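Structure assessment
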Protein chains: 2
Amino acid sequence: MDARTYIAENRDEFVAALKEWLAIPSISAAPDHHADVHRSARWLTEHLTATGFPTVEIWETGGLPAVFAEWPAADPQAPTVVIYGHHDVQPVDPVEAWRTEPFAPVEEGDRLIGRGASDDKGQVLFHTLGLRAGMAASGATAPPVTVKLLVEGEEESGSPHFAELLRKHRDRLACDIVVISDTTMWAADTPSMCVGMRGMTDCEISLHGPEVDLHSGSFGGAVPNPLQAMADLLSGLHDADGRITVPGFYDDVVEISAEERELIARLPFDEAEWLRTASSTATAGEAGYSTLERIWVRPTAEINGMWGGHTGAGSKTIVPRSAHAKVSFRLVPGQEPLRVQEDVHAYVEAHTPPGLSAEVRFAGPGVRACASDIHSTAVRAARNAMSTAFGTEVLFTREGGSGPEADIADILDAPLVFVAVGLDDDRIHAPNEKVEVPLLLKGAESVAYLWDELGRSTTT
Amino acid sequence: MDARTYIAENRDEFVAALKEWLAIPSISAAPDHHADVHRSARWLTEHLTATGFPTVEIWETGGLPAVFAEWPAADPQAPTVVIYGHHDVQPVDPVEAWRTEPFAPVEEGDRLIGRGASDDKGQVLFHTLGLRAGMAASGATAPPVTVKLLVEGEEESGSPHFAELLRKHRDRLACDIVVISDTTMWAADTPSMCVGMRGMTDCEISLHGPEVDLHSGSFGGAVPNPLQAMADLLSGLHDADGRITVPGFYDDVVEISAEERELIARLPFDEAEWLRTASSTATAGEAGYSTLERIWVRPTAEINGMWGGHTGAGSKTIVPRSAHAKVSFRLVPGQEPLRVQEDVHAYVEAHTPPGLSAEVRFAGPGVRACASDIHSTAVRAARNAMSTAFGTEVLFTREGGSGPEADIADILDAPLVFVAVGLDDDRIHAPNEKVEVPLLLKGAESVAYLWDELGRSTTT
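Since the model is a prediction, treat every value here as computed from it, not as a measurement. (Residues numbered from 1 in each chain as written. Chains lettered and ligands numbered in written order. Predicted model: local features only at pLDDT ≥ 70, side-chain atom pairs only at ≥ 80, totals over all residues. Heavy atoms only, no water.)

Moving on, we get to the overall build of chain A. Each helix and strand in chain A was counted, giving 14 helices and 18 strands. Against the globule reference of 23 Å for 460 residues, chain A gives a C-alpha radius of gyration of 23 Å, in line with a compact fold. When the backbone C-alpha atoms are referred to their principal axes, chain A occupies close to 80 × 45 × 45 Å. The proportion of buried residues among the 460 residues of chain A is 62%. Intrachain contacts of chain A at a sequence separation of at least 6 include 79% that bridge at least 24 residues. (Helix = DSSP H or I, 4+ residues; strand = E, 2+ residues; numbered from the N terminus. Rg over C-alpha atoms; globule rule 2.2 N^0.38 Å. Buried < 20%, exposed > 50% of the residue type's maximum accessible area, 1.4 Å probe, protein only. Contact = heavy atoms within 4.5 Å.)

Printed below as a string of structure tokens:
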């Protein structure tokens, strides 16, 4: 039985298992869901044991647990791959905007709807299906490469303990290639491989003014208003060209090469269609860059949330005592998150007017951007495997999102390869997240071929 | 028995009645408290009937009810006064910042703590005590002037139906003087009389972007962010001199005269002390004006609340689908609220970037500013009465806050006189609102003398 047939015959079992896992609300950003993150880790260990991994472990961290599993190749000379994914998920608010319960996954035709379906449980799980499919096809009882699976539990919270975990287990994670399955493809009918991701660091900024909310009749117009100061501070983050004004912010940015800009420009990008995916009616951003460049290779400052003063029904004419904002910065190769954090601290301090005090708390150390060499052996092998699975040429893209990938590449000293089948319209951080089940199956098929090709490349 | 003695002897009964009334959470801005506003109106009618008013009525409006009561003078030639106050109160959030329950009034020495103690139930209630005190002193069975009391139930919601109510009952409210008891004095030991109030109009501004929250990794930097646009729009409301940039906003402002500026400058204003009252550490505002001018005679734009995107615990790296702000504009004589509303609509439209849509909803028609002629008979009589009650000279001030006073003066075609005893540190729109009971008693004494003086001025 070939891998494709095995996968088709095991589709229903695969979806049933994924639905079980998706039912666990493993929201790492919500303290009241931390027990669920632990539960999600336990579910995964049971699944991996059932799959046949001889070694399955929960790796505790200073925060939430990761899952590690290892299945050695029969041939000790075969290469070793580390597969990275995560089992925590995004929060679900506004929960009223979901058509279905976020943690009661529902199949609608070929789609599976639920938080984590695409980001990232679905993409982690296709690996076990792919591994079994490859072994069913070859009749072997061990994989053609040594497979190490590392599934973290804090990715949606900025992976605060992940680098430490990698360093602690560096020896056990020794590998030749790191395969990342936490990204998207160009389109369902245009498979592609990501060769770079932006980094990220995010913070909460608070401005404190009067000790209590003041009556705006008695005091308005004569004391600084924290919300006004916050609006000024945030408005000043960008200049008229959409460039970020934080001093030093661009100092270490590695500008994209003319060759890379040309490669990006060659992609069959339909801006109108992209806007539909974004459910938006206009583009906006840094002057001088295309939409794809803006989301892939340019750093950003994005206000993710803002609040302060009276936000309930009716009027309350106050000068509020405080204002708050959550701001995330997407980073590109060259930028060090800790340097950016220092620069943002200095910016906020410089933009806090007399009479107000400021606080800036970063959610963690942040993550660096990363990029792969498209001419490397690993990228070429993965591209071939995906091309065989999808039956068509595989293009190169980048991702605007962030993961701990840069840390993995640095600490494990191995090249990154992205094998992932999410789509940009999967609504991965929004209500009604979904995944296309046929693409998950293609993901499984791709890795079945990839392990085979990598195994053969060594033994020949 | 003179009025002062009568008031002292009836202090406890007065405070007990006020505590009863304060226990009713008559928050007009909160729909779930509208039944309490009705209950508050009924409580007041019972109290007025017990006081001796021969006519006591609840006046329904398109919204929440007002209370009207009338007690004719024995002498049909005596002047008629309308006393204005309100029986609705401000919301109480953040409720966790209250040291005591907002609607379980507590006496601490001479202070009474509870929502509405100063604004405005305490100041409405001193009138019934004053009326009885005056009649006890003279031995009369009717007041020396015809007293009409009008206590509305929507003042803290912008008095949306009050002008209509005044017009409907214009004949029954016919009067020679309107006495307003909803403001503050300079200080407990520096009694003063307000001769002007700012007007107000307030709105909620919403900016809508993508139909759903977007993942800032996939879309951030390439679509307009409603929170960023809101920050830009609100930041742009003021120029570097603290002047409001809404085109046309200052067109109709009647600038304060040099004489008035000099009068204001003569007040014993201690800015450090004022900042303590504001629990703030720095002043701010329109360049070229003093703090008292900024709060009394200059218009403002104040952000009362702002929200959008992820405001809960942890990180959520999104481009939010919408942003919201509540903004109130304090107005000065000359400015028409409806004209300001049009100007603000145009400003928001002009500052909404492509790809976003804007909504501006004003809470109601707004209220105009008002000012009294300090040389009028009514102001002089009230000043004399207060001077007698307090035993010291009474100064003139203004109020930065807003009420429906301009409507009253216009519609009833009568001069306004402010007789009020609140203090700026009463925290009237904040947690832990309080009132100084001895000042309420002085208020009662003042109106006892005022009715007497106004009654005698006619018959002589």
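Structure shown, so let's carry the discussion forward.
Residue and element names in this part refer to chain A. Of note, the bond from Asp119 into Asp120 is cis; its omega dihedral lies within 30 degrees of zero at 10°. Note on placement: Asp120 falls in the loop between strand E5 (111-113) and helix H4 (121-138). We note that Arg427 has phi near 55°; this positive angle belongs to a residue other than glycine. Tracing the sequence through the fold places Arg427 in the loop between strand E17 (416-418) and strand E18 (434-436).

Residue and element names in this part refer to chain B. Tracing the backbone shows Arg368 in the loop between strand E14 (357-362) and strand E15 (370-371). For Arg368, a relative accessible area of 25% corresponds to the partly exposed category. Sequence-wise, Arg368 and Pro76 are 292 residues apart; in three dimensions their C-alpha atoms are separated by 34 Å. Here Asp410 takes part through its side chain, which lies 2.6 Å from a polar atom of the side chain of Arg368. (Polar contact = N/O pair within 3.5 Å; in protein donor to acceptor, adjacent residues only side chain to side chain.)

Moving on, we get to the side chain of Glu436 of chain A. All names here are of chain A. Relative to the helices and strands, Glu436 is located in strand E18. Separated by 2.8 Å, the side chains of Glu436 and Arg111 make a polar contact. Here the side chain of Glu436 touches Lys434 through a polar contact of 2.6 Å, side chain to side chain. With sequence-adjacent residues up to four places away left out, Glu436 is seen in contact with Asp110, Arg111 and Leu423.

Okay, the pattern of salt bridges next. The full count for this structure, using the stated rule, is 58 salt bridges over all chains. Between Glu204 of chain A and Lys326 of chain A there is a salt bridge, and its shortest N-O distance comes to 3.3 Å. Of this pair, Glu204 of chain A sits in strand E9 (residues 199-208) while Lys326 of chain A sits in strand E13 (residues 322-331), and the two are 122 residues apart along the sequence. Each of the two residues, Glu204 of chain A as well as Lys326 of chain A, counts as buried. Here Arg298 of chain B makes a salt bridge to Glu255 of chain B, at a shortest N to O gap of 3.0 Å. Here Glu255 of chain B lies in the loop between helix H7 (226-235) and helix H8 (258-266) and Arg298 of chain B lies in the loop between helix H10 (291-296) and strand E11 (300-309), a separation of 43 residues in the sequence. Assessed through its relative accessible area of 1%, Arg298 of chain B is described here as buried. You can call Glu255 of chain B partly exposed: its relative accessible area is 44%. In the salt-bridge network here, residues are joined through shared partners; they are Arg111, Asp425, Asp426, Lys434 and Glu436 of chain A. (Salt bridge = Lys/Arg side-chain N within 4 Å of Asp/Glu carboxyl O.)

The sites that UniProt annotates as "domain: Peptidase M20 dimerisation" (unreviewed entry) are residues 196-354 of chain A. The span residues 196-354 of chain A carries 31% helix and 23% strand; its end-to-end C-alpha distance comes to 43 Å. (UniProt positions renumbered as here; feature names shortened; annotations may be inferred.)

Here the focus is the relation of the copies chain A and chain B. Relative to chain B, chain A is turned by 180° and slid 0.0 Å along the rotation axis, the superposed coordinates differing by an RMSD of 0.1 Å. What the rotation and shift describe, once combined, is the action of a two-fold rotation axis. Same-surface contact between copies: 98% of interface residues of chain A are shared with the interface of chain B. (Least-squares fit on C-alpha atoms with pLDDT ≥ 70 in both.)

Here we come to the packing of aromatic side chains. Here the structure, examined in full by the defined rule, presents 20 aromatic pairs over all chains. Between Trp186 of chain A and Trp296 of chain A, the aromatic rings sit 6.1 Å apart at their centres with planes inclined by 70°, giving edge-to-face as the arrangement. A residue pair is termed long-range when its members are at least 10 positions apart, and Trp186 of chain A in the loop between strand E7 (177-180) and strand E8 (192-197) and Trp296 of chain A in helix H10 (residues 291-296) qualify at 110 residues. Overall, Trp186 of chain A belongs to the buried group, its relative accessible area being 18%. Ring geometry for Phe249 of chain A against Tyr250 of chain A: centres 5.3 Å apart, planes inclined by 85°, an arrangement best described as edge-to-face. Both residues of the pair, Phe249 of chain A and Tyr250 of chain A, count as buried. Through successive ring pairs, a cluster of aromatic residues spans Trp186, Phe269, Trp274 and Trp296 of chain A together with Phe219 of chain B. Its end group placed over the ring of Tyr250 of chain A, Arg243 of chain A keeps NZ or CZ at 4.0 Å from the ring centre. (Phe/Tyr/Trp six-rings, centres within 6.5 Å; stacked < 30°, edge-to-face > 60°. Lys NZ or Arg CZ within 6 Å of the ring centre and 35° of its normal.)

So, on to the interface of chain A and chain B. Contacts between the two partners involve 85 residues from chain A, matched on the other side by 83 residues from chain B. Across the interface of chain A and chain B, roughly 6800 Å² is buried in total on both sides, 52% from carbon and sulfur atoms. Across the chain A-chain B interface, the total number found is 0 salt bridges. Where chain A touches chain B, the interface holds 43 residue pairs in polar contact (both at pLDDT 80 or more). Ranked by the residues each element gives to the side of chain A that touches chain B, the list is headed by strand E11 (residues 300-309) of chain A, at 9 residues. Residue classes in the side of chain A that touches chain B are distributed as 33 nonpolar, 35 polar and 17 charged. For E11 of chain A and E11 of chain B, the ladder comprises 5 bridges, and the chain directions are antiparallel. Pairing of Trp307 of chain A across the sheet is with Trp307 of chain B, part of E11 of chain B. (Buried area = accessible area lost by both parts, 1.4 Å probe. Nonpolar A, V, L, I, M, F, W, Y, C, P; charged D, E, K, R; others polar. Pairing = 2+ DSSP bridges.)

To continue, consider the sheet that holds strand E2 (residues 66-71) of chain B. Residues and elements named next belong to chain B. Taking strand neighbours across the sheet as the criterion, the 6 strands line up as E1-E2-E6-E3-E7-E17 in an open arrangement whose pairing is mixed. In this open sheet, the two strands that pair with only one neighbour each are strand E1 (55-59) and strand E17 (416-418). The sheet shows a mean angle of 20° between the axes of neighbouring strands, direction not considered. The sheet contact formed by strand E7 (residues 177-180) and E17 spans 3 bridges and is parallel. Across the sheet, residue Ile180 finds its bridge partner in E17, namely Phe418. Set on the sheet, helix H3 (residues 34-51) makes contact with E1, E2 and strand E6 (146-152); between it and E1 the angle comes to about 170°. (Axes fitted to C-alpha atoms, helices over the stretch in contact; angles between N-to-C directions.)

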